[in-house]
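# A look at the structure
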Amino acid sequence: MGKISNIIRGVVSIAVIWLAASCAPGQAVEADYNVIPLPHSVRSSGSDPFRMSASTTVVAVDSAQVVNAELFAEYIKTLTGFRLKITDRMPSENYIRLAASNEDAAPESYRITVASDSIVVEGADAAGTFYGLQTLRKAIRGGRGDDVLYPAAVIEDGPRFSYRGGHLDCVRHFFPADSVKTYIDILALHNINRFHWHLTDDQGWRIEIRSLPELTKKGSVRSGTIIGNSGQYDSVPYGGYYTQTELRDIVAYAADRHITVIPEIDLPGHMVAALTSYPSLGCTGGPYEVYRRWGVTDDILCAGNDSVYVFLDKVFDEVADVFPSELIHIGGDEVPHGKWEKCPRCQAKIKELGLKDDARSTAVQKLQNHIMKHVSDRLAAKGRRVIGWDELIDNGFDTTAVIMSWRSPQDGGQDGAAFGYKTVRVPNTHLYFDYQYAEGDTIGAPYWRKIPLDSVYAYNPIPKCFTAEQAANVIGVQGNVWTEFIPSFREVQYMALPRMAALAELQWCDSPKDYEAFLVRLKYFLNLYEEEGYNYRPLD
Ligand code: ACM
Ligand code: ZN
């Protein structure tokens, strides 16, 4: 009995010591502004640091800043365990004040002034303030339960590119709305401001269109899926789609994090799910089956059928209603024109429009341009602008479209930026995060090139030979996550992280950059992935 009570007393005293140590007032960890992406300028002011603790208040007056403050309080709670109070009244000291008063500064930029009694985060706009708060969050390098000492300094920062994209294919594999929100949180952590959402393809239609119910009734489910690239199929029905209520909720969730959602409806190819739902939209009338394997198929929308244009009007009217983004993605990639060559209606349309081969485009490519232009005109009437894959250039689309350039010149890709198109770069040589990192990896697409972390970091979005005008046409950079070989959301995270950290510096920081110094910052940044519970590929 004596022995047991001694053991109990021992356990109790260890617990008391542990509790005292973990809750002891006065413990503090020092913050470090060497975060990802690296801020443009940090000037130390040499005075005493600011101590952030459970009694620090965040001062936010207007509603956009209150949203910023609430998100910041959540981030800090995850890292420290304490919750900051939010107020619209100015205390005399120990506060973090948020403002969007730096209106002369470039969009999304911010200045943070850290003094011993306060921190002021001034954004050029609410997004700028948000990125300032992200820097304060990321500067915490550990120490749950501890106060944080922010070194006194003035930090001035802003992005290199206005379009900083992250993409997710929710067709080849479907991820529920909560996973999509987590993906948006991950984008926000990397200062990414555009979520390119691939919502339709041969393997499934994932967006509710209320005037076309068959799209989700039939088109959202495939009867099975190819196993790897084996030629064998399982016979497990696979499907899912987002209701308009869910889509609007996700758009609002992203907007709170200063992220615009750009939906992609890929046309006129990658449309077998739609053809399965409405077979009369194809050149042959079918029958069609939602695709169970990967790759490109000959079955595309019939460009000679007037009801296809009515169908597209209905789809894009609802898309524009749900998604407020100025840019709407209309796809345009990987379109074999064989069916159009043989289809009497498509041939009649070519004749009616007087389309002829020339040095730039064939008649069928011009027909593709006709259908893309139809959608573009419809969206332009609503104040929207189209973005599409670089095949749009081959087909002769004018420079009103933003080009998303994915193919390297070896694969026939033309450089839109050199020809006057506003261009977003997402080369499959460097920024396709579904490609495996290295030989021997088991997650991700095993068949194509490997894209290690240093190769992402080494990517140069603006060739040295570009004129200033051509350079200005490059409006941004994006990372893509196609999901043919990525069935789970844990694996999506693994493929994206930490390559997205390298992408974040390409998007935000001026070049050139030092990869070794990036790796040092990354070591601490991985702690944030741990704290947030994100799955990532450990460094080699
Ligand atoms: C693409 O990867 N087909 C845009
Ligand atoms: Zn046709």
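Structure's up top.
Residues numbered from 1 in each chain as written. Chains lettered and ligands numbered in written order. Predicted model: local features only at pLDDT ≥ 70, side-chain atom pairs only at ≥ 80, totals over all residues. Heavy atoms only, no water.

### Brief notes about the overall build of the protein chain
Put simply, the test is: Only DSSP runs of H or I covering at least 4 residues are called helices, and only runs of E covering at least 2 are called strands; the numbering of each starts at the N terminus. Every radius of gyration here is taken over C-alpha atoms, with the globule rule written as 2.2 Å times N^0.38, N being the number of residues. Partly exposed describes any residue whose relative accessible area lies between the buried limit of under 20% and the exposed limit of over 50%, with all areas from a 1.4 Å probe on protein chains only and scaled to the type maximum. We call two residues in contact when some of their heavy atoms are within 4.5 Å. For the area figures, the Shrake-Rupley method with a 1.4 Å probe applies, and any residue is considered shielded solely by the protein chains shown.
Summing up its helical and strand segments, the protein chain has 17 helices and 22 strands in all. For a compact globule of 540 residues, the expected C-alpha radius of gyration is about 24 Å, and the protein chain comes in at 26 Å, within 12% of that figure. Each principal axis of the C-alpha atoms in the protein chain carries an extent, and together these give about 90 × 65 × 45 Å. The buried share of the protein chain, reckoned over its 540 residues, is 55%. Taking contacts inside the protein chain between residues at least 6 apart in sequence as the whole, the part at least 24 apart equals 74%. Only carbon and sulfur atoms are counted for the fraction: they give 53% of the accessible area of the protein chain, which is about 21,700 Å².

### A word on the coordination of the zinc ion (ligand 2)
Quick reminder of the rule: Metal donors were taken as nitrogen, oxygen and sulfur atoms no farther than 2.8 Å from the ion, or 3.2 Å where the ion is Na, K or Ca. Water is excluded, so coordination may look unfinished. By the criteria applied here, four donors are tetrahedral when all angles lie between 85 and 135 degrees, four are square planar and six octahedral when opposite donors are over 155 degrees apart and every other angle lies between 65 and 115, and any other arrangement is irregular.
Listed as protein donors to the zinc ion (ligand 2) are C283 (SG), C302 (SG), C343 (SG) and C346 (SG); their distances from the metal cover 2.3 to 2.4 Å. Coordination at the zinc ion (ligand 2) is tetrahedral, judged from the four donor atoms that bind it and the angles of 106 to 111° they form at the metal. Motif for the zinc ion (ligand 2), donor spacing along one chain: C-x18-C-x40-C-x2-C. Of this pair, C302 sits in the loop between α7 (272-277) and α8 (306-322) while C346 sits in helix α10 (residues 344-353), placing them 44 residues apart in sequence. For C346, a relative accessible area of 0% corresponds to the buried category.

### Considerations on the pattern of salt bridges
How we decide: Between Lys or Arg on one side and Asp or Glu on the other, a salt bridge is scored when a side-chain nitrogen of the former is within 4 Å of a carboxyl oxygen of the latter.
One pass over the full model with this rule turns up 32 salt bridges. Between D441 and R537 there is a salt bridge, with the nearest N and O atoms lying 2.8 Å from each other. Within this pair, whereas D441 is found in the loop between β21 (423-425) and α13 (453-458), its partner R537 is found in the segment after α17 (515-532), the two being separated by 96 residues in sequence. Per residue, the accessibility class of D441 equals that of R537, and both read buried. According to the relative accessible area criterion, R537 is buried, its value standing at 11%.

### With respect to the environment of L189
Positionally, L189 belongs in helix α4 (residues 177-189). For L189, a relative accessible area of 0% gives the class buried. Apart from residues no more than four positions distant in its own chain, L189 is found in contact with I36, Q134, R137, K138, F525, L528, Y529 and Y534.

### What to know about the side chain of R499
Applied cut-off: His is not counted, nor are the chain ends, whereas Lys and Arg count as positive and Asp and Glu as negative.
Within the secondary structure, R499 sits in helix α16 (residues 499-508). For the buried residue R499, which engages in no salt bridge, the nearest side chain bearing the opposite charge is D441, 6.7 Å off. Not counting residues up to four positions away in its chain, the partners in contact with R499 are Y432, F433, D434, Y435, Q436, Y437, I451, L453 and V456.

### Remarks on α4
Structurally, the α-helix is built with 3.6 residues per turn, so residues lying three or four positions apart point the same way. So the rule is basically this: The span you would expect from a helix comes to 1.5 Å times its residue count less one.
Taking 1.5 Å as the rise per residue, α4 with 13 residues should run 18 Å; its terminal C-alpha atoms sit 19 Å apart, in good agreement. Among the 13 residues that make up α4, 10 are buried, leaving the element largely enclosed by the rest of the structure. Where α4 terminates, the next one or two residues include N191, which has phi positive at roughly 60°.

### A look at the sheet that holds strand β19 (residues 385-389)
We apply this condition: The criterion for strand pairing is that DSSP finds at least two bridges linking the strands in question. Where helices are involved, their axes are fitted lines through C-alpha atoms of the stretch in contact, as for all axes, and angles between N-to-C directions lie from 0 to 180°.
Strand order around the closed barrel formed by eight strands is β11-β12-β17-β18-β19-β20-β21-β22, with parallel pairing between neighbours. Sheet twist, expressed as the average angle between the axes of neighbouring strands with direction ignored, equals 30°. Relative to strand β22 (residues 474-479), strand β11 (residues 163-169) is paired through four bridges, and the arrangement is parallel. Counterpart to Y163 in the pairing with β22 is G476.

### Topic: the sheet that holds strand β9 (residues 147-150)
Strand order in the open sheet formed by three strands is β1-β9-β3, and the pairing between neighbours is mixed. Single-partner strands in this sheet number two, and they are β1 (28-30) and β3 (50-52). The mean angle between the axes of side-by-side strands here comes to 30°, regardless of whether they run parallel or antiparallel. Relative to β9, β1 runs parallel, the two sharing three bridges. Bridge pairing in β9 links V29 to V148.

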